[in-house]
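# Commentary on secondary and tertiary structure
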Amino acid sequence: GRLSCESDTDNDVLINDFSYRFATSDNLGVVVGAAGVNPTSTFRGINPLEGSGEGTISSFGQRNPIIGIGSGTGGAGFDWQINNRMSLQGVYSAQLPGFPGDNNVGGLFGGRQTLGGQLTLTPVDDIDVGLHYLYSRSSDGLLATGVGDAQLTSPFAPDTGFNTQAVGATVAYRINPNLQIGGWGGWTFSDPEDIQSSVTTNNLAVYAAFPELGSRGNLGGIDVGQPPKITSRSLHDGFNFPNFSDNGTPGGRDGTSLHVEMFYRAQLSQNLDMTPGFFVVFNPDHNQSNDPLIVGALRATFRF
């Protein structure tokens with residue numbers, strides 16, 4: 001149920017981006033920084049509905065959730081244009097690079113960290129494909145995507161370090177200037193460091209984008225998908241989430257959530273967009289006993 005523009009700053013002023021981007025050649029760019037350097041900001045966006053101020057209302061509809069693993073802030077990355085139809089992006093990012101006091105919590109090479117790459121292909125002029133791979137380590141069994149099943153262990157279990165491999169793909173097809181369709185799928189495979197077992201999740205979505213709908217600068221969008229879902233777990237009894245209410249028994253989710261969303265961004269002027277939209281999550285938290293979750297929003301985006 002999270003919004004794309006949702007955050008909790010606790011009334012503090014935060015720096016979202018403190019980075020330096022530069023070209024080392026005509027086809028290779030590099031970025032380094034203490035904030036704003038992660039797979040989300042380094043990988044080329046394939047989904048035309050991406051953009052917290054201009055795209056979908058929901059956080060889930062922004063992009064393949066595996067790209068957000070690790071919630072990284074500072075690190076280094078690159079974007080290499082191999083040829084006219086192929087590029088490669090890579091990034092290393094740490095969640096708390098400015099907190100070196102405890103290696104289990106933070107530091108540039110401590111705490112939660114992510115290493116990833118994306119191969120971006122344009123096999124024909126109107127199709128874009130992104131192939132994603134990410135490796136992430138967490139010390140507390142949390143994927144930190146902020147969407148769907150991101151917690152791997154019971155909250156009552158001791159903190160357990162996990163190593164996660166994530167793979168996925170995103171596709172966009174421009175049927176004509178006013179219609180684009182596409183989708184994505186993602187899988188994570190997590191192994192605890194001190195327990196002989198594993199946790200697996202998957203997610204998928206399809207979408208349609210309608211650029212210039214009604215007027216130049218406008219955008220309509222529809223997306224339908226399944227948020228990240230734990231499909232199998234073989235942790236010891238007492239460690240498994242979300243079955244901790246059943247003494248943490250192993251196994252995958254019994255139900256499946258379905259996310260359905262529509263929004264319309266209207267460009268009222270060069271400085272103002274208004275975006276009404278709503279989304280419904282059926283079987284929220286992958287639980288068939290839960291009533292549908294309905295979220296409506298009206299977003300204003302100002303440009304100065």
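Below is a summary of the structure that appears in this document.

### Focus on unusual backbone geometry
Of note in the backbone geometry, S71 takes a positive phi value of approximately 50 degrees without being a glycine. Among the secondary structure elements, S71 is positioned in the loop between α1 (39-42) and β3 (74-83). S71 sits in the partly exposed class, given a relative accessible area of 33%. For D285, which is not glycine, the phi dihedral falls at a positive 60 degrees.

### Some points on the packing of aromatic side chains
For the coordinates displayed, the defined rule picks out three aromatic pairs. Ring centres 5.2 Å apart and planes at 25 degrees place the aromatic pair Y20 and F22 in the stacked group. In this structure Y20 comes out as exposed when scored by relative accessible area, which is 53%. The exposure class assigned to F22 is partly exposed, which follows from its relative accessible area of 30%.

### A word on a nonpolar patch on the surface
Taken together, the side chains of Y133, V167, W187 and F189 present a nonpolar region at the surface, about 360 Å² in accessible area. Structurally, the position occupied by Y133 is in strand β6 (residues 127-138).

### Thoughts on the nonpolar core
Membership of the largest hydrophobic core comes to 15 residues, with the highest contact counts inside it found for L49, F60, W184, Y207, L219, F263 and F279. Where this core is concerned, the elements lending two or more residues are β9 (199-211) and β12 (272-282). It is β9 that provides the largest number of residues to this core, a total of three residues. Once residues lying within four places of it in the same chain are set aside, the contact partners of L219 are P48, L49, E54, A209, F210, P211, F263, Y264 and R265. The next biggest cluster of nonpolar side chains, apart from the first, holds ten residues, and it includes A150, L152, I195 and V199.

What counts and what doesn't
- Residues numbered from 1 in each chain as written.
- Predicted model: local features only at pLDDT ≥ 70, side-chain atom pairs only at ≥ 80, totals over all residues.
- Heavy atoms only, no water.
- Helix = DSSP H or I, 4+ residues; strand = E, 2+ residues; numbered from the N terminus.
- Buried < 20%, exposed > 50% of the residue type's maximum accessible area, 1.4 Å probe, protein only.
- Phe/Tyr/Trp six-rings, centres within 6.5 Å; stacked < 30°, edge-to-face > 60°.
- Patch = residues over 30% accessible without salt bridge, like charges linked within 9 Å, V, L, I, M, F, W, Y side chains within 5 Å.
- Areas by Shrake-Rupley, 256 points an atom, 1.4 Å probe, with all protein chains shown as cover.
- Salt bridge = Lys/Arg side-chain N within 4 Å of Asp/Glu carboxyl O.
- Core = buried A, V, L, I, M, F, W, Y, C linked by side-chain atoms within 4.5 Å.
- Contact = heavy atoms within 4.5 Å.

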